[in-house]
Amino acid sequence: MNVNRVDHIGIAVTNLDETIKFYEDVLNIKCEGTEVVEEQKVRVAFFPVGDTELEFLESTHEDGPIAKFIEKNGGRGGVQHIALRVDNIEEAIEEMKAKGCKMIDETPRYGAGGAKIAFCHPKSTDGILIELSERV
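Let me sum up the structure you'll find in this document.

Quick notes on the environment of V36
Working step 1: Relative to the elements of secondary structure, V36 occurs in strand β2 (residues 34-37).
Working step 2: For V36, a relative accessible area of 43% gives the class partly exposed.
Working step 3: Taking C-alpha positions, V36 is 7.9 Å from A112, a pair spaced 76 residues apart along the chain.
Working step 4: Ignoring any residue separated from it by four or fewer positions in sequence, one finds V36 in contact with V42 and R43.

Structure follows, in structure tokens:
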């Protein structure tokens, strides 16, 4: 497996519109767009910063993973995951499994921005939710 770089940092937020306004107006970082990913029950905003991206996630459903994360985090948002860019997602999944890593996704699924993604279970990664991401 070849990890090329940090693809993005996923940050859970309670109000995506307020977050966009803050990052654009206060930090002068331009939002490059938003997207709803129904499969993951999120609305996402993308902020490129250098060679990586800040990805802000707002839950679209009360039972979605971001809503659960925020609830578990005392009603506050925060860093939810770190995504690492890989060359071949299928090979990366198999290598992680061969090395004893429990995978949440044993096959790739659709991620925001058209990426193919798979999550490693935090129990296998010292409590950090790691997303493997392949972009074409």
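From this point on, the discussion continues.
Considering the sheet that holds strand β5 (residues 78-86)
Working step 1: With mixed pairing, 8 strands are arranged side by side in an open sheet as β2-β3-β4-β1-β5-β8-β7-β6. With one partner strand each, in any of the chains shown, β2 and β6 (109-110) form the two edges of the open sheet.
Working step 2: Across 4 bridges, the pairing between strand β1 (residues 3-12) and strand β4 (residues 52-59) is parallel. Among the inter-strand pairings, A12 is bridged to a residue of β4, identified as L57.
Working step 3: Contacts from helix α1 (residues 16-25) reach β2, β3 (42-49) and β4 within the one sheet, and its direction differs from that of β3 by about 10 degrees.
Working step 4: Across the face of the sheet, helix α3 (residues 89-98) comes into contact with β5, β7 (116-120) and β8 (130-134) while running at roughly 150 degrees to β8.

Some thoughts on the nonpolar core
Working step 1: Membership of the largest hydrophobic core is limited to 11 residues, which are I11, V13, L16, I20, Y23, I29, C31, A45, F47, L54 and F56.
Working step 2: Elements supplying a minimum of two residues to this core: α1, β3 and β4.
Working step 3: Ranked by residue count, the leading element in this core is α1, at 3 residues.
Working step 4: Apart from residues no more than four positions distant in its own chain, I11 is found in contact with L54, E55, F56, L57, G78, V79 and Q80.
Working step 5: Within the second largest apolar cluster, 10 residues are counted, among which are V86, I89, M96 and L132.

Considerations on unusual backbone geometry
Working step 1: Backbone geometry places K41, a non-glycine residue, at a positive phi of 60 degrees.
Working step 2: Relative to the helices and strands, K41 is located in the loop between β2 and β3.
Working step 3: K41 gets classed as partly exposed once you look at its relative accessible area, which sits at 26%.
Working step 4: Within the chain, D126 stands out as a residue other than glycine whose phi angle is a positive 55 degrees.
Working step 5: Accessibility expressed as a relative area gives 75% for D126, which makes it exposed.

Rules used throughout
Along every chain, residues carry numbers that run from 1 in the direction the sequence is written. Where totals are concerned, whole chains, interfaces and linings use all residues; where local detail is concerned, this predicted model gives features only for residues with pLDDT of at least 70, and gives and counts side-chain atom pairs only at 80 or more. With hydrogens and water excluded, all non-hydrogen atoms of the structure serve as input to the side-chain values. Helix numbering and strand numbering both begin at the N terminus, where a helix is a DSSP run of H or I of at least 4 residues and a strand a DSSP run of E of at least 2. Whether a residue is buried, partly exposed or exposed follows from its accessible area with a 1.4 Å probe, protein chains only, as a fraction of its type maximum: under 20%, in between, or over 50%, in that order. By the convention used here, residues are in contact when the closest approach between their heavy atoms is within 4.5 Å. Strand pairing is assigned whenever DSSP identifies at least 2 bridges connecting the two strands. An axis is simply a line fitted to the C-alpha atoms; with a helix, the fit covers only the stretch in contact. Between two such axes, the angle follows the N-to-C directions and lies from 0 to 180 degrees. Only buried Ala, Val, Leu, Ile, Met, Phe, Trp, Tyr and Cys residues count toward a nonpolar core, and they belong to the same one when joined by side-chain atoms within 4.5 Å.

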